[in-house]
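What follows is each chain in one-letter form.
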Amino acid sequence: MEVTYKDLLQLIIQREMGILGPEKTHETVKQAGLNIDNDGNLLDENLGFSELEKLIEAFHTNYGPVTVMGCKIAVLRLARQGNLELPKLLS
């Protein structure tokens, strides 16, 4: 399986749905310019580094560094599998 930025974004969104709850997650995802359904599944295609950076910055701005740190290890592991570059907040 080839790992994509969409996979990284989806991992973060699903985690935050469980931690912050659907309402806060939906608001933050929308603020980052992305679209998800009620279950937190991304509706956008062709997502890349810039979308990941926007999303992680939105979570950091809205809910602080702990939110980012909480998903960092899982995102790092998945990004390594796909040899994907990560934004500063995740590296």
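Use the structure listed above.
These lines cover the structure that appears in this document, whether it is placed above or below.

When you go through the protein chain residue by residue, the secondary structure sums to four helices and zero strands. Its helices and strands taken in sequence order, the protein chain reads α-α-α-α from the N to the C terminus. At 12 Å, the protein chain has a C-alpha radius of gyration in line with the 12 Å of a compact globule built from 91 residues. Overall, the C-alpha framework of the protein chain stretches about 30 × 25 × 20 Å when taken along its three principal axes. Per-residue burial for the protein chain yields a buried fraction of 42% across its 91 residues. Contacts in the protein chain between residues at least 24 apart in sequence constitute 64% of all its contacts with a sequence separation of at least 6. Here the protein chain displays about 5300 Å² of accessible surface, and carbon together with sulfur accounts for 49% of that area. Considering the protein chain, the positive charge centre built from 9 side chains and the negative charge centre built from 13 side chains are found 8 Å apart.

Let us now look at the packing of aromatic side chains. Applying the stated criterion across every chain yields a total of one aromatic pair. Judged by centre distance (6.4 Å) and plane angle (85°), the ring pair of Tyr5 and Phe49 falls under edge-to-face. Pair noted here: Tyr5 is in helix α1 (residues 5–19) and Phe49 is in helix α3 (residues 49–63), with a separation of 44 residues, a long-range link.

To continue, consider the pattern of salt bridges. Counted according to the given criterion, the structure contains two salt bridges. Here Glu45 ties to Lys6 by a salt bridge, and the two come within 2.9 Å at their closest N and O atoms. Taken together, the residues Glu45 in the loop between α2 (22–31) and α3 and Lys6 in helix α1 connect sequence positions 39 residues apart. Residue classification places Lys6 among the partly exposed positions, given a relative accessible area of 22%. A salt bridge links Arg15 to Glu16; the shortest N-O distance between them is 2.9 Å.

Basis of the calculations
- Residues numbered from 1 in each chain as written.
- Predicted model: local features only at pLDDT ≥ 70, side-chain atom pairs only at ≥ 80, totals over all residues.
- Heavy atoms only, no water.
- Helix = DSSP H or I, 4+ residues; strand = E, 2+ residues; numbered from the N terminus.
- Rg over C-alpha atoms; globule rule 2.2 N^0.38 Å.
- Buried < 20%, exposed > 50% of the residue type's maximum accessible area, 1.4 Å probe, protein only.
- Contact = heavy atoms within 4.5 Å.
- Areas by Shrake-Rupley, 256 points an atom, 1.4 Å probe, with all protein chains shown as cover.
- Lys, Arg positive; Asp, Glu negative; His and termini not counted.
- Charge placed at Lys NZ, Arg CZ, Asp CG, Glu CD.
- Phe/Tyr/Trp six-rings, centres within 6.5 Å; stacked < 30°, edge-to-face > 60°.
- Salt bridge = Lys/Arg side-chain N within 4 Å of Asp/Glu carboxyl O.

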